[in-house]
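Given next are the chains, with one letter for each unit.
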Amino acid sequence: EAVETGSHEQAVRLYRGPFLDGFRLENAPEYEQWQDGERVLHAREYAAALESLAAGAAARGDHPAAVRWWRRLAAAEPVSTTAAVGLIEALVAAGDRAGALQFAGVHASLVRQHLETEPDPEIERWIERLRSGEVPTAVPAPRPRPTSGSEAAREAAARELDEIRRAFSDRYQVGERVGESTLLLSFAARDRRDTR
């Protein structure tokens, strides 16, 4: 309800992690599938609420609040380019260029380690600019976020798929999601080397 009514701060306060974490029903695959779907939906709604709060704070010029919200989103989604760029921009806008450079480096390392690929070129550009001492003249204004929870969740899923496609584009042509569980997302993909 909080997400649907645009009460993003309340939604963030209410979110406590994975839906029914630690609760299982033996021999109930339909229940597990439903539970997994609910976990993904609520996690996406949480991320969308954080992103909305961060973008709103940035638009108001409240850089410390924007940093706080982006930092929480980056902690929830550590390899998300959207969260990383948002936090880097907020840190720069708040005058913490050293913090922005440090976070960008940590994010790039996490992407290399966990996804075994290079970070998004936008992250690399930020690292270059911050290392060279180039002071951005203006941080881009945040995009308006959708107010509907289901719309936000759909948009978050689309961004997630774009990030996965970009991360694996050298080796795989990634298609749509074909399955999900608590620890695994499955996608249809074609291996570019042998077309399997």
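Since we're looking at a predicted model, the values are computed, not measured.

Trainee: Just checking my understanding: could you explain the overall build of the protein chain for this structure?
Mentor: Along the backbone of the protein chain there are 7 helices and 2 strands. Counted from the first residue to the last, the protein chain has its helices and strands arranged as α-α-α-α-α-α-α-β-β. Residue burial in the protein chain is summarised as follows: out of 196 residues, 37% are buried. Considering only residue pairs separated by 6 or more positions, the protein chain has 47% of its internal contacts joining residues 24 or more positions apart. Surface exposure of the protein chain reaches about 11700 Å², of which carbon and sulfur atoms provide 52%.

Trainee: Is there a simple way to think about helix H6 (residues 121-132) in this case?
Mentor: Since the α-helix packs 3.6 residues into each turn, any two residues three or four apart lie on the same face. End to end, H6 covers 16 Å across 12 residues, agreeing with the expected 16 Å (1.5 Å per residue, within 8%). In this structure, the buried side of H6 is in contact with helix H4 (81-93) and helix H5 (97-115). Its side-chain oxygen 2.8 Å from the backbone nitrogen of Glu 122, Asp 120 forms the N-cap of H6. Backbone geometry just after H6 places Gly 133 at a positive phi near 85 degrees.

Trainee: Explain the side chain of His 107 to me, please; I cannot follow it from the model alone.
Mentor: Looking at the secondary structure, you find His 107 in helix H5. Those residues in contact with His 107 that lie beyond four places of it in its chain are Pro 78, Val 79, Ser 80, Thr 81, Ala 84 and Ile 123.

Trainee: What am I meant to see in the pattern of salt bridges here?
Mentor: Pairing between side chains of opposite charge can happen when the charged atoms of each approach one another. Summed over all chains, the structure comprises 10 salt bridges. With a closest N to O distance of 2.9 Å, Arg 171 and Asp 191 form a salt bridge. With a gap of 20 residues between them, Arg 171 in the loop between helix H7 (149-167) and strand S1 (172-180) and Asp 191 in strand S2 (residues 185-191) connect regions that are remote in the sequence. Among the charged side chains, a network of salt bridges with common partners joins Arg 24, Glu 26 and Glu 32.

Trainee: I tried to follow the packing of H5 against H6 on my own but got confused; where do I start?
Mentor: A packed helix pair is summarised by two numbers, namely the angle formed by the two axes and the spacing between the axes. Contact geometry of H5 with H6 gives a least axis separation of 9 Å together with a crossing angle of 145 degrees. Classified by chirality, the crossing of H6 by H5 is left-handed. Here H5 contributes Arg 97, Ala 100, Leu 101, Ala 104, Gly 105, His 107, Ala 108 and Arg 112 to the contact with H6, which in turn contributes Ile 123, Glu 124, Ile 127, Arg 129, Leu 130 and Arg 131. Residues of the contact of H5 with H6, tallied by class, amount to 7 nonpolar, 2 polar and 5 charged.

Trainee: Hey, could you run me through the nonpolar core in this one?
Mentor: General note: in soluble globular proteins, nonpolar side chains tend to be found buried as a group. One finds Val 12, Trp 69, Trp 70, Leu 87, Ile 88 and Phe 103 to be the most contacted residues of the largest nonpolar core, which totals 34 residues. For this core, the secondary-structure elements that each account for two or more residues are helix H1 (8-14), helix H2 (29-60), helix H3 (63-76), H4, H5 and H6. Looking at which element gives the most residues to this core, the answer is H4, with 8 residues. Setting aside anything within four residues of it in sequence, one finds Phe 103 in contact with Ala 74, Ala 84, Leu 87, Ile 88 and Leu 91.

Trainee: I'm lost on the packing of H2 against H3 in this one. Help?
Mentor: The contact between H2 and H3 brings their axes to 8 Å, and the two run at 155 degrees. Classified by the angle their axes make, H2 and H3 are roughly antiparallel. By crossing handedness, the relation of H2 to H3 is classed as left-handed. Facing Tyr 46, Ala 47, Leu 50, Glu 51, Leu 53, Ala 54, Ala 55, Ala 57 and Ala 58 of H2, the residues of H3 in contact are Ala 65, Ala 66, Trp 69, Trp 70, Arg 72, Leu 73 and Ala 76. Within the contact of H2 with H3, the residues separate by chemical class into 14 nonpolar, no polar and 2 charged.

Trainee: Would you explain H2 in this entry?
Mentor: Along its 32 residues, H2 runs 46 Å from first to last C-alpha, staying within 8% of the 46 Å computed at 1.5 Å per residue. Note on H2: the residue one or two positions beyond its end, Gly 61, has a positive phi of about 80 degrees.

Trainee: When you look at the packing of aromatic side chains in this model, what are you seeing that I'm missing?
Mentor: One pair of aromatic rings is described through two measures. These are the centre distance and the angle between the planes. The tally for this structure, following the rule as stated, stands at 4 aromatic pairs. Ring plane angle 80 degrees and centroid distance 5.5 Å describe the contact between Phe 19 and Trp 34, whose orientation is recorded as edge-to-face. Residue Phe 19 is found in the loop between H1 and H2, and its partner Trp 34 is found in helix H2; the two are separated by 15 residues along the sequence. Judged by its relative accessible area of 23%, Phe 19 falls in the partly exposed class. On the basis of relative accessible area, Trp 34 is assigned to the partly exposed category, the value being 44%. Here the aromatic rings of Tyr 31 and Trp 34 are separated by 5.7 Å at their centres, their planes lie at 45 degrees, and the arrangement is tilted. Of the two residues, Tyr 31 and Trp 34 are both situated in helix H2; the distance of 3 residues between them amounts to about one turn of the helix. Site record: aromatic cluster; members linked through ring pairs are Phe 19, Phe 23, Tyr 31 and Trp 34. The aromatic ring of Trp 69 is capped on one face by Arg 68, whose charged end is 5.2 Å from the ring centroid.

Calculation notes
- As a convention, each chain's residues are numbered from 1 in the sequence order in which they are written.
- In keeping with the model being predicted, local features are shown solely for residues with a pLDDT of at least 70 and side-chain atom pairs are shown and tallied solely at 80 or more, while totals for entire chains, interfaces and linings include all residues.
- Side-chain metrics in this entry use all non-hydrogen atoms of the structure; hydrogen atoms and water are not considered.
- Numbering of helices and strands runs from the N terminus, with a helix taken as a DSSP run of H or I at least four residues long and a strand as a DSSP run of E at least two residues long.
- Type-normalised accessible area, obtained with a 1.4 Å probe on protein chains alone, sets the label of each residue: buried when under 20%, exposed when over 50%, and partly exposed for intermediate values.
- Whether two residues touch is decided by their heavy atoms; if any such pair falls within 4.5 Å, the residues are in contact.
- The accessible surface values rely on the Shrake-Rupley method and a 1.4 Å probe; as for residues, cover is taken only from the protein chains in view.
- Given the number of residues in a helix, its expected span is that number minus one, multiplied by 1.5 Å.
- We call two N or O atoms a polar contact when they sit within 3.5 Å, provided that within protein one can donate a hydrogen and the other can accept it, with sequence-adjacent residues counted only if both atoms are side-chain atoms.
- Basic side-chain nitrogens of Lys or Arg form a salt bridge, by our definition, when they fall within 4 Å of a carboxyl oxygen of Asp or Glu.
- Lines are fitted to the C-alpha atoms to define the axes, a helix being fitted only along its stretch in contact, and any angle between axes, read from their N-to-C directions, falls within 0 to 180 degrees.
- Handedness of each helix crossing follows the sense of rotation of the near helix against the far helix: counterclockwise by less than a right angle gives left-handed, clockwise gives right-handed.
- Residue type decides the class: Asp, Glu, Lys and Arg count as charged, Ala, Val, Leu, Ile, Met, Phe, Trp, Tyr, Cys and Pro as nonpolar, and the leftover types, Gly among them, as polar.
- Among buried residues, those of type Ala, Val, Leu, Ile, Met, Phe, Trp, Tyr and Cys that are joined through side-chain atoms within 4.5 Å constitute a nonpolar core.
- Our angle categories are set so that under 35 degrees counts as roughly parallel, over 145 as roughly antiparallel, 65 to 115 as roughly perpendicular, and the remainder as oblique.
- Here a pair means two rings of Phe, Tyr or Trp (six-membered ring of Trp) with centres within 6.5 Å. Their orientation is stacked below 30 degrees between planes, edge-to-face above 60, and tilted elsewhere.
- Think of it as a cone above the ring: NZ of Lys or CZ of Arg counts as a charge over the ring if it is within 6 Å of the ring centre and within 35 degrees of the ring normal.

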